[in-house]
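So the chains spell out like this:
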Amino acid sequence: MKLGLLAKLLFLSGQAKWETKNTKKNKEVLKFESKEEYFIKNGGILLEKQIAVSQGKNIEAGQLRILSADEIEKATNHYDPDQIVHSYRDVSFYKGTFDDKVVVIKTPERPDPNPEHVELFLTDIAIRTVLCHNNMIKIHGCCLETCVPLTVHESPPTSKALHDCLHGDMALLKPLSWTSRLRAATDIAYALSYMHNALSQPLVHRDIMSPRILVDSVFHAKLTFCGYSVAITPGNKDQRWPIHGTPGYIDPEYIKTQEVTEKCDVYSFGVLMLELLTSRDPFEMARCGNDLVDEFVSMVEKNGVKAMLDTILLEEDNIDEIQGFARLALKCVAKKGEKRPSMIGVVEELWLIQDQSGQAKSEGKNTKKNNEVQKFEAKEEYFFKNGGILLEKQIALSQGKEIEAGQLIILSADEIEKATNNYDPELLGTSYPGVSFYKGTFDNKKVVIKTPEKLDPNPEHVELFLTDIAIRTVLCHNNMIRIYGCCLETCVPLTVHEFSPSKSLHDHLHGDMTLQKPLSWTSRLRAATDIAYALSNMHNALSKPVVHRDIMSLGILLDSLYRAKLANLGHSVVITPGKKDQRWPVHGTPGYIDPEYIETQEVTEKCDVYSFGVLILELLTSRDPVEMARCGKDLVYKFVLKLERNDQRCIILS
């Protein structure tokens, strides 16, 4: 950079020797300086930092690459018009190759350094660098050395814009079947649900329309552009944005109020659904002063919907599904956003429509296949209800789609069954009320698979497992059992953890002493210190404290060196310090629960401090707080009483 600046100073000072001696070299230096300037203005330094922090300096498969302008020129054969595969508005898409991989290079038709154009491209890069979903076109790289950034994307084989499939030359295209339309709608609903729920703040797309959606040869659909997207704060009524989007698709409530919510996307998606039903172009209709939503609603009121439907759909035997789809579309385009469903709700209803389709076609033909379809659908349903989409997003955000050492993986129900030998009782290890632990192996690694004793879809059981997964996905500490993966395809989620060769602290303190040696003072002190570390981490690692609420010796595992690790965080809650009106139902284990918490239902970090204090007394006395509580006794009360009588030696290590 210093040499580039020196060259620029020499040029500006008018030194004739530099100008006349090597004109070609001078132009090359100026060109380089211009690239450097664009690179900095376009955020290249920050993007380099992001890549370095998240994945290191080495370029790996699937990692975002920062490409030079020369590499882009080479890949496009100097922007050869013959390599343009698609154009829309002021954007051209060139076919190219990087690392023997066919890609699409998105460029503005005119390299105009309009700040709005630059912002659109940078927003698209920023969002799709963070978000990664199967129904969003993956970004492979970008070039920041041009006045407007260029992006390099995956190129799905034989892909076309959904708009072209619906409104292109029918002589060259076969009609789009109902199944294909339903699949495309469901895929985009997935992508939008992901955008709305993936991050701590929802991302609203603001420009859902058929030209921005690519479909492959089997009509799986993917979103291609997120340049107009904004992150919103739910409930913040005074956040306003200038109107962006495509006429015919834009939420009229957004136009009126300039308030952006997730329901803006729901409306646009509803328009897309009507477009799929009617094969009418909302944008072209808007240009002619018409509105697809108004026309469709009007025909519904006149019982004339069939006249609006694409004639291709009327020839198919799916009228019940089409009617359900139309009803859902009308919910999405309700005038008031508060009456529209969420995108998660939309996905669930589309699933129900697809379930009807899959079962009707299978009945009477192949009973076994039908059962398999239903089983698969049940797994899909559990996966969604158990937060699979959100967890996929978390993995994608933190480490990408490639499975690496130490990365949380999402496992199928079949993989869990295989690892446990179909839940073989001989592989059953330790257990405590309501929970069983199976020994298993994944990737040649010994693991423990935590399962409920009964696969009962009790919402409380589901919540416990999901809370445990969610918190331990975020928190990572040497004194907390590491979670490797989970299965969300069962009515209650299952989790896969690191294998601990020793037993629980409870077993060491209260187990059969003829089968094990007594726990030494050094080991007890080490265990207490380890758990104190873990709790301190929970209370201080995040912006808000996480309170465990169920510290007990049965939930603490010891390894071969008697180092202790917390094994369950299912009852944990995140609190706001100083907030006096946060109440939770009382959870925990009798004998360990803070009596002040029982009385007030107020959760603070001090609830854990009390339970930890009980654990210390348990380590000192080898008396079981739970068993004492069952007998109507209290370890804390008894210990304090002995202290007051100066008789503590009668209870310590007794």
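What counts, and at which threshold
- Residues numbered from 1 in each chain as written.
- Predicted model: local features only at pLDDT ≥ 70, side-chain atom pairs only at ≥ 80, totals over all residues.
- Heavy atoms only, no water.
- Helix = DSSP H or I, 4+ residues; strand = E, 2+ residues; numbered from the N terminus.
- Expected span 1.5 Å × (residues − 1).
- Buried < 20%, exposed > 50% of the residue type's maximum accessible area, 1.4 Å probe, protein only.
- Phe/Tyr/Trp six-rings, centres within 6.5 Å; stacked < 30°, edge-to-face > 60°.
- Lys NZ or Arg CZ within 6 Å of the ring centre and 35° of its normal.
- Pairing = 2+ DSSP bridges.
- Core = buried A, V, L, I, M, F, W, Y, C linked by side-chain atoms within 4.5 Å.
- Contact = heavy atoms within 4.5 Å.

The α-helix winds at 3.6 residues per turn, so residues separated by three or four positions along the chain end up facing the same way. Taking 1.5 Å per residue as the helical rise, helix α14 (residues 319-332) with its 14 residues ought to reach 20 Å, and the 20 Å between its terminal C-alpha atoms agrees with that figure. All of the buried residues in α14 are Glu-321, Ile-322, Gly-324, Phe-325, Ala-326, Leu-328, Ala-329 and Cys-332.

The next thing to look at is the packing of aromatic side chains. Going through the model one piece at a time under the given rule, you end up with five aromatic pairs. Here Lys-445 stacks its cationic end above the ring of Tyr-484, 4.3 Å away from the centre of that ring.

A separate point is helix α23 (residues 605-621). The first and last C-alpha atoms of α23 sit 25 Å apart over 17 residues, in line with the 24 Å expected at 1.5 Å per residue. What α23 keeps buried is the set Cys-607, Asp-608, Ser-611, Phe-612, Val-614, Leu-615, Leu-617, Glu-618, Leu-619 and Thr-621. Looking one or two residues past α23, Ser-622 carries a phi angle of roughly 60°, positive in sign.

A word on the pairing of strand β5 (residues 139-143). Burial runs high along β5: five of the five residues are buried. By the bridge criterion, three bridges tie strand β1 (residues 65-67) to β5 in an arrangement that is parallel. Looking at β5, one finds that Leu-67 is bridged to Cys-143. Of the pairings in the sheet, the one linking β5 to strand β6 (residues 150-154) comprises four bridges and is antiparallel in character. Counterpart to Cys-142 in the pairing with β6 is Thr-151. The hairpin turn running from β5 into β6, its antiparallel successor, is six residues long.

Turning next to the nonpolar core. In terms of nonpolar packing, the biggest core is built from 58 residues, with Leu-223, Phe-269, Leu-277, Phe-325 and Leu-350 touching the most fellow members. Sorting the residues of this core by element identifies α7 (162-167), α8 (178-197), β9 (213-215), β10 (221-223), α10 (262-278), α12 (292-301), α14 and α15 (343-362) as the ones contributing at least two each. Sorting elements by how many residues they give to this core places α8 first, with eleven residues. Non-local contacts of Phe-325, meaning those with residues more than four positions away in its chain, are made with Trp-178, Leu-182, Ala-185, Met-273, Leu-276, Leu-277, Leu-350 and Ile-353. Counting 23 residues, the second largest nonpolar core, distinct from the first, contains Leu-475, Met-480, Ala-527 and Leu-569.

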